[in-house]
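Examination of the molecular architecture
If you want the building blocks of each chain, they are given just below.
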Amino acid sequence: MKTDATLLTALGANEVRARLDAGEFSVTEYADALLSRVDAVEPTVQAWAHLDPDHVRAQAARADEARARGESSGPLFGIPVGVKDIIETADLPTEDGTVLHAARLTHRDADVVSRLRLAGGLVMGKTVTTELATYAPGKTRNPHNPAHTPGGSSSGSAAAVAAGMVPLAIGTQTNGSVIRPASFCGVYGFKPSAGLISRSGVLVQSPPLDAVGVFGRTLDDVALLAQTLAGHDTRDALSLPRAVPPLLRLATADAVLAPTLAWVATPFWARLAADAQLAFGELLEVLAGRIAPFELPATAAEAVGWHRTVMEADLAGSFDMEYERGREQLSPSLREQIERGRAVTAVAYRQALARVPVLLEGFDAVFGHYDAIVTPAALGTAPEGLASTGDPLMCTLWTFLGMPALSLPLLHGQNGLPLGVQLVGRRGDDARLLRTARWLVRTVHDAISNPT
């Protein structure tokens, strides 16, 4: 049965998987529909660093052959996935967004790519990253308005999903590199708890802070991809030998009791754009009775400085070779970060990291009363212009503490661009966060559908 290509590209990953199982279309037909969409929008969006249509079709053909033999299996069977270009792939270059690594071939897969393939997924291509996944933008533009940034550093991953070129994508976050672009591009973005998804084979920026995250068009889709990629890996020091939580099951389950939420404006509320403040005010009205304000401890504002100390010191170590051999090819912003990082003392670094368990203990009181924290995902909608990827300030605290966070595409600014709602959970309690997110999304959608 022939299915309209435009309809195919609008489907979420879980629905595609169900329809593939039902034999409504082949993997090749689905891949061709996505490639047609790439042809139509990629010249404007520019989300891909490497995409070889023949290679995509070859993977799809092998999947169809496997299905014909009765071997189609795995939660991602037949689903193309975008992979951020700091994540190693054996069959495609990994250039890390810098000319210093141009045409670099690693001939191996990162742990997440191995898990993706074992689950039956296809690597659609490598998505654009900012320079070494820091702040200097790549070529990608926001699909909603190409005069605006898509955010960073996982620019291409968020934009490719938002533009309908791929249903799922993998990104990373060391500050706000999943949550912010998800907010700006109007897709779901999930940054799991530290250690849930292995970082083996991923460009190292800051070992205490780096995390792998995912993008999708629905909450179910990000849960599917995160659950598939999760698992213990002895090569990652943060990875723990524990069972993978039932992320997809909880993301599709109704809460037994309506959750209670903590509203955290953060110390940076005054820096939010006026229309963002208005939009969140309306959200609080919708959630009245289920949400209460929570004041962060005074030390929470200092976490931005502690995060910067750790990140920049680690950048100086991680990119020492690039700085020594090719500093003139690095952006001024990255050179400045590395130079500041070189000046960080071991004492300051250790003192900053020592704050993490203290702050986490303070949040135990929050999650004893509330299921999750609601806070803005960004300071506003995607800024106009392509010289910056926007400010990650609203993500910094949660990344520093390794807490799971979601960007939910529930709001819009006065300019019509997306504005994400950030939902944050207790570290290690990712499944509960996803179940709470399901309730929040349905509650907001119901309020929009049935205004009083």
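See the structure above.
Small disclaimer: the values here were computed from a predicted structure and weren't measured. (Residues numbered from 1 in each chain as written. Predicted model: local features only at pLDDT ≥ 70, side-chain atom pairs only at ≥ 80, totals over all residues. Heavy atoms only, no water.)

Some thoughts on the packing of aromatic side chains
If you walk through the whole model with that rule in mind, you get 5 aromatic pairs. Residues tryptophan 263 and tryptophan 269 carry aromatic rings whose centres are separated by 5.6 Å and whose planes lie at 85° to one another, so their mutual orientation is edge-to-face. The class for tryptophan 263 is buried, based on a relative accessible area of 10%. Among the aromatic residues, ring-to-ring pairing joins Trp263, Trp269 and Phe280 into one connected group. (Phe/Tyr/Trp six-rings, centres within 6.5 Å; stacked < 30°, edge-to-face > 60°. Buried < 20%, exposed > 50% of the residue type's maximum accessible area, 1.4 Å probe, protein only.)

Observations regarding the sheet that holds strand β1 (residues 48-50)
Judged by pairing direction, the sheet is mixed, and its 11 strands sit side by side in the order β1-β3-β2-β4-β6-β5-β10-β11-β9-β7-β8 without closing on themselves. Edge positions in the sheet fall to β1 and β8 (291-293), since each of these pairs with one other strand and no more. Each adjacent strand pair in this sheet contributes to an overall mean axis angle of 35°, direction not counted. Two strands pair when backbone bridges link them, and strand β5 (residues 188-191) and strand β10 (residues 405-412) are joined in this way by 3 bridges, in the antiparallel orientation. Residue pairing for β10: glycine 189 is matched across the bridge by serine 407. Docked against the sheet, helix α10 (residues 274-286) engages β7 (261-263), β8, β9 (372-376), β10 and β11 (418-424), running at close to 55° with respect to β11. Packed on one face of the sheet, helix α15 (residues 393-400) meets β4 (168-173), β5, β9 and β11 and runs near 20° to β11. (Pairing = 2+ DSSP bridges. Helix = DSSP H or I, 4+ residues; strand = E, 2+ residues; numbered from the N terminus. Axes fitted to C-alpha atoms, helices over the stretch in contact; angles between N-to-C directions. Contact = heavy atoms within 4.5 Å.)

Comments concerning the pairing of β9
Among the 5 residues that make up β9, 5 are buried, leaving the element largely enclosed by the rest of the structure. Relative to β11, β9 runs antiparallel, the two sharing 4 bridges. Each bridged residue has a counterpart across the sheet, and for valine 374 the counterpart in β11 is leucine 423.

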